[in-house]
Amino acid sequence: MTDDTTDETRDVLPVRRRVLQWFGGLGVVGFFGALLTPIKDLGIAAAGGQEIELPGQALVLAEEYSPPDGSESFATGEPVTADMLGEPPESVLVYPENLVDNNDYLVRLHNLEPDRIAEPTNLDWVQDGLVAYSAICTHLGCTVGWEEEDDQPPNVSAELQEGASMLCPCHISSFDPYSGAEVLGGPASRPVPQIGVAVNESGAVELTSEFEGEVGSG
Amino acid sequence: MAGDSRLDLDRLFGKFKDKAFPLHGTFFLGELALFSFVTLVLTGTFLGLFYEPSIRLVELAGEQVPAAYASVVKIDNLSVGLLVRRIHHWSAQIMIAAVIVHMARIYFTGAYKKPRDVNWLIGAILLQVTILAAFLGYLLPFDEFAVTATSIGYQVFKSIPWIGATFSSLAFAGPFPNPHLVPRFFTAHVFLIPLLIVGLIGVHLMILLKLKHTQDPKVTKRLRERAGDVKERGLVGVPMWPEQAVLMGTIFMSYLAGVSLLAAFVPVHPVEAYGPSVPGTPAMRPDWYLLWIYGILKIIPSIDLTILGGSITAEFIGGLLVPGGIFGLIMGVPFIDEKVTGDTAEDTEYTELDRPLERPGRTAIGIGAIAFFVLAGTAGYLEEIGIGALTMGLITLLAPVAVGAIAYVLLRSRAPSGA
């Protein structure tokens, strides 16, 4: 400050400066704050609340299925019938007919030896060894695969598992289809939810219930 | 010079042209990372010209496939398309590897000590941002690998207690999969993250210019004797202009030659072999730099704790908490070291590096950490090795401690005076 500055300006200048700083700060905060307002719309595709009825939907193949006896294979999208499946234990990956390509509704349909299916499987939802579970792993959402009896991963002990199992290829969680998809090993913390299936008059396999719990991880 | 008469460039040039650069081979790792990044930007620009960031269905060889996938197949069939795409993939791998080995050099020689601690922190952030860039790039071809990897990433973020569902929905443009995700990741992968990397590299290099390099006392002595220099202290190195500039040019050209050769003969990320996404998940593993997280996810037993309505799951612990803690520790290395040993660099002009063999404690911890990452990565193969998750988990936890302890005892017996 020069010598001729009066005492009055000496007092006023710092105050003026502070007021300007405040307004400047407010402007910057306000501008960038305003840019944050559409933040909730970042989740653009937030779930639309459309209700989907699962019971009554027939099941269609989600991938090509070749029966183990070597007979002619069935193409993706073909409706699943009870006699299409090979000798137990056997498993196919299917979609409900109106939800093809919606992976939240992928289902693994098994044909198992009927007398080996036990609690905690919901036996009302089983027909002649046909039993179905969500195919979405409860660990991190990969599609659960199918593992034959003599090919179990090392985290499933022989005493725990004598039949085939549902095995997730991502982090090796495995589930027991004979007893309500109980976790046999791996990092999954709960079973993949069961869903009811039955064979209708025309021989096609259809869903008879909703999933009995939350599908997928979380 | 035209620029000089207007902008006085000589003054700027004169200020930096004599900056001394170290000559030891391990000091070129950061440059290798820089050159692979430049290569990524150049090849990425080429790829971006032909790529379509959309999952609308288009016809390809009689099949309905996502447009993103079809456009990558188209790139592969351009005259040099496949070569450029492979150079891009290889450069991503090399960049991450170079950053990691560069960090190892700095760690083992104690070159992170104050005042260089800030640059260590920026470097550690650069490593994470680079891995993020690679992860975002995973999605773009929208093949089976892309969808599986990104789906797992989405589920990991969804597993954050309390805020997971909201956070993952905001970050991934809604529940996975959805049509808005590919455009979003594309923007982040080609613009936002590279911009961030450029900014961080800029700050990293400015700090480097100001702080100078650390020097091996023995090498320094030898070089000084040869030069007939009698001074006790002072920086030894080649000047930026012309020697260092020529060296850098040579390294960049050699890098381009090497990566082109690699890309020409060794396939990487074969998009057409993965094929478009199918309902069933085939067994596949992430790239090597994420393998340790993948291994941890496999060996963590199932956990489901509920605290105040938020559930703490194995996937949150293995996918975010443990890796986050490890990255936190890496970023904290200089600060933890200073707390524990009180050791800082003496001055900003001249710093001698520590010889790793004379620092048993630090070196042993470093070797233990390397053992941990290797074993955690090995855990990603546990079903193929035929080991149970629990056994592998115990090995992954305990073996690094044992390896570190043995390294410490050996180093200690060699250098009894070391700290």
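Each remark here, short or long, concerns the structure printed above.
Criteria and cut-off values
Residues numbered from 1 in each chain as written. Chains lettered and ligands numbered in written order. Predicted model: local features only at pLDDT ≥ 70, side-chain atom pairs only at ≥ 80, totals over all residues. Heavy atoms only, no water. Helix = DSSP H or I, 4+ residues; strand = E, 2+ residues; numbered from the N terminus. Buried < 20%, exposed > 50% of the residue type's maximum accessible area, 1.4 Å probe, protein only. Areas by Shrake-Rupley, 256 points an atom, 1.4 Å probe, with all protein chains shown as cover. Salt bridge = Lys/Arg side-chain N within 4 Å of Asp/Glu carboxyl O. Pairing = 2+ DSSP bridges. Axes fitted to C-alpha atoms, helices over the stretch in contact; angles between N-to-C directions. Contact = heavy atoms within 4.5 Å. Buried area = accessible area lost by both parts, 1.4 Å probe. Polar contact = N/O pair within 3.5 Å; in protein donor to acceptor, adjacent residues only side chain to side chain. Nonpolar A, V, L, I, M, F, W, Y, C, P; charged D, E, K, R; others polar.

Caption draft 1: Broad picture of the overall build of chain A. Helix and strand counts for chain A stand at 1 helix and 10 strands. Reading the secondary structure of chain A in the N-to-C direction produces α-β-β-β-β-β-β-β-β-β-β. Expressed as a percentage of the 218 residues in chain A, the buried residues total 46%. Carbon and sulfur atoms form 52% of the exposed surface of chain A, whose accessible area is close to 11,400 Å².

Caption draft 2: The arrangement of the pattern of salt bridges in detail. All names here are of chain B. Counting across every chain of the model gives 14 salt bridges over all chains. A salt bridge links Lys17 to Asp18; its shortest N-O distance comes to 3.7 Å. Taken together, the shared-partner salt bridges connect Lys113, Asp337, Asp343, Asp354, Arg359 and Arg362 into one network.

Caption draft 3: Inspection of the sheet that holds strand 8 (residues 182-185) of chain A at higher detail. Residues and elements named next belong to chain A. Across the sheet, which stays open at both edges, the 4 strands sit in the order 5-6-7-8 with antiparallel pairing between neighbours. Unpaired on one side and paired on the other, strand 5 (145-147) and strand 8 mark the two borders of the sheet. Strand-to-strand twist of the sheet, defined as the mean angle between neighbouring strand axes without regard to direction, takes the value 40 degrees. With 2 bridges connecting them, strand 6 (residues 165-167) and strand 7 (residues 174-176) associate as antiparallel partners. Paired with Leu167 across the two strands is Ser174, which belongs to strand 7.

Caption draft 4: Focus on the interface of chain B and chain A. At the interface, 35 residues of chain B touch 32 residues of chain A. Both sides together, the interface formed by chain B and chain A hides about 2,500 Å², and carbon and sulfur atoms give 62% of it. Viewed at the interface, chain A and chain B are joined by 0 salt bridges. Along the contact surface separating chain B from chain A lie 5 residue pairs in polar contact (both at pLDDT 80 or more). Elements with a minimum of two residues in the side of chain B that touches chain A: helix 7 (144-158), helix 8 (164-171), helix 13 (291-299), helix 14 (314-341) and helix 16 (382-385) of chain B. Here the element with the most residues in the side of chain B that touches chain A is helix 7 of chain B; it accounts for 6 residues. Among the residues making up the side of chain B that touches chain A, the classes are represented as 17 nonpolar, 12 polar and 6 charged.

Caption draft 5: Molecular detail of the environment of A:Gly203. All names here are of chain A. With respect to the secondary-structure elements, Gly203 resides in the loop between strand 9 (194-199) and strand 10 (205-211). C-alpha separation for the pair Gly203 and Val80, spaced 123 residues apart in sequence, amounts to 8.8 Å. Other than its neighbours up to four places away in sequence, Gly203 contacts Thr81 and Ala82.

Caption draft 6: Inspection of the pairing of strand 4 (residues 130-134) of chain A at higher detail. All names here are of chain A. When you tally the buried positions in strand 4, you get 5 out of 5 residues, the bulk of the element. Judged from the 5 bridges that link them, strand 3 (residues 107-111) and strand 4 form a sheet pairing that is antiparallel. Across the sheet, Arg108 pairs through a bridge with Tyr133, a residue of strand 4. Judged from the 2 bridges that link them, strand 4 and strand 9 form a sheet pairing that is antiparallel. Within the sheet, the bridge partner assigned to Ala132 lies in strand 9 and is Ile195.

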